[in-house]
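Overview (structure and organization)
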Amino acid sequence: MLIQHLPPESATWTALRNATPEDLLAEQAVSGEPEKGQWSHLEQLVAIVADRLARVEYVLICANTEKKSKRPDPPEPIRRPGTRPRKKKARLTEQSADRLFELLQGGAA
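To keep things clear, this report deals only with the structure shown in the data block. All residue numbers here refer to positions counted from 1 along the written sequence of the relevant chain. Residue-level local features of this predicted model are given only where pLDDT is at least 70; pairs of side-chain atoms are given and counted only at 80 or more, and the full residue set underlies all totals for whole chains, interfaces and linings. Excluded from the side-chain calculation are hydrogens and water; included are all heavy atoms of the structure.

Next up on the list: the overall build of the chain. In terms of regular secondary structure, the chain is built from four helices and zero strands. Secondary structure counts use DSSP, requiring at least four H or I residues in a row for a helix and at least two E residues in a row for a strand, with both numbered from the N terminus. Counting helices and strands in the order they occur from the N terminus, the chain gives α-α-α-α. The C-alpha atoms of the chain give 22 Å as radius of gyration, which overshoots the globular expectation for 109 residues (13 Å, by more than 25%). Counting all 109 residues of the chain, 8% fall into the buried class. Here the analysis covers contacts within the chain between residues at least 6 apart in sequence; of these, 52% occur between residues at least 24 apart. Surface accessibility in these figures is a Shrake-Rupley result with a 1.4 Å probe; residues are shielded only by whichever protein chains are displayed. Only carbon and sulfur atoms are counted for the fraction: they give 59% of the accessible area of the chain, which is about 10,100 Å². Restricting the calculation to C-alpha atoms gives the radius of gyration, and the globule rule supplies 2.2 Å times the number of residues raised to the power 0.38. Relative accessibility thresholds used throughout: buried, under 20% of the residue-type maximum; exposed, over 50%; partly exposed, between the two (1.4 Å probe, protein chains only). A contact between two residues is defined here by any heavy atoms of the two lying within 4.5 Å.

Structure follows, in structure tokens:
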């Protein structure tokens, strides 16, 4: 109970993290939920700076990419405590596009 209230950079939390098995670390990397953690004001500000820097990098890449070339996806903001991950937008597959075209041409069942 007391350990939960220690700052994440404390020696106790560092020792616990260092003792975590590799397979558990790999699982947490995929299914981790940083939005359930606690962040200080400094961590919030660093996340804002990182998000804005990623956005500047994205705009710079887009500005220097030819119009017909594929542009990268916009950067995802760092997940913050108390927020949910953003939902991925559905991508239109070739099969879905063909079906949509059929429907628009009066091919509804």
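Having seen the structure, we can now continue with the description.
Basic side-chain nitrogens of Lys or Arg form a salt bridge, by our definition, when they fall within 4 Å of a carboxyl oxygen of Asp or Glu. Evaluated as defined, the whole model comprises two salt bridges. A salt bridge links Asp51 to Arg80; its shortest N-O distance comes to 2.5 Å. Separated by 29 residues along the polypeptide, Asp51 in helix 3 (residues 41-63) and Arg80 in the loop between helix 3 and helix 4 (94-104) bring together distant segments of the chain. The same class applies to Asp51 and to Arg80, which are both buried. Across the pair Arg99 and Glu102 runs a salt bridge, and its minimum N-O distance is 3.5 Å. Of this pair, Arg99 and Glu102 both sit in helix 4, three residues apart, roughly one helical turn.

Position of Pro77 relative to the elements: it lies in the loop between helix 3 and helix 4. Taking the relative accessible area as the measure of exposure, Pro77 reaches 30% and is therefore partly exposed. Counting along the chain gives 23 residues from Pro77 to Ala54, while the straight-line C-alpha distance between them is 8.5 Å.

A surface patch of nonpolar side chains, amounting to about 230 Å² of accessible area, comprises Ile3, Leu6 and Leu16. With a relative accessible area of 38%, Ile3 lands in the partly exposed category. In this scheme, patches are assembled from residues that exceed 30% relative accessible area and form no salt bridge. Like charges are connected within 9 Å, while nonpolar side chains (Val, Leu, Ile, Met, Phe, Trp, Tyr) are connected within 5 Å.

As for its position among the elements, Ala26 is in helix 2 (residues 22-31). Here the alpha-carbon distance between Ala26 and Leu16, two residues ten residues apart in the chain, equals 16 Å.

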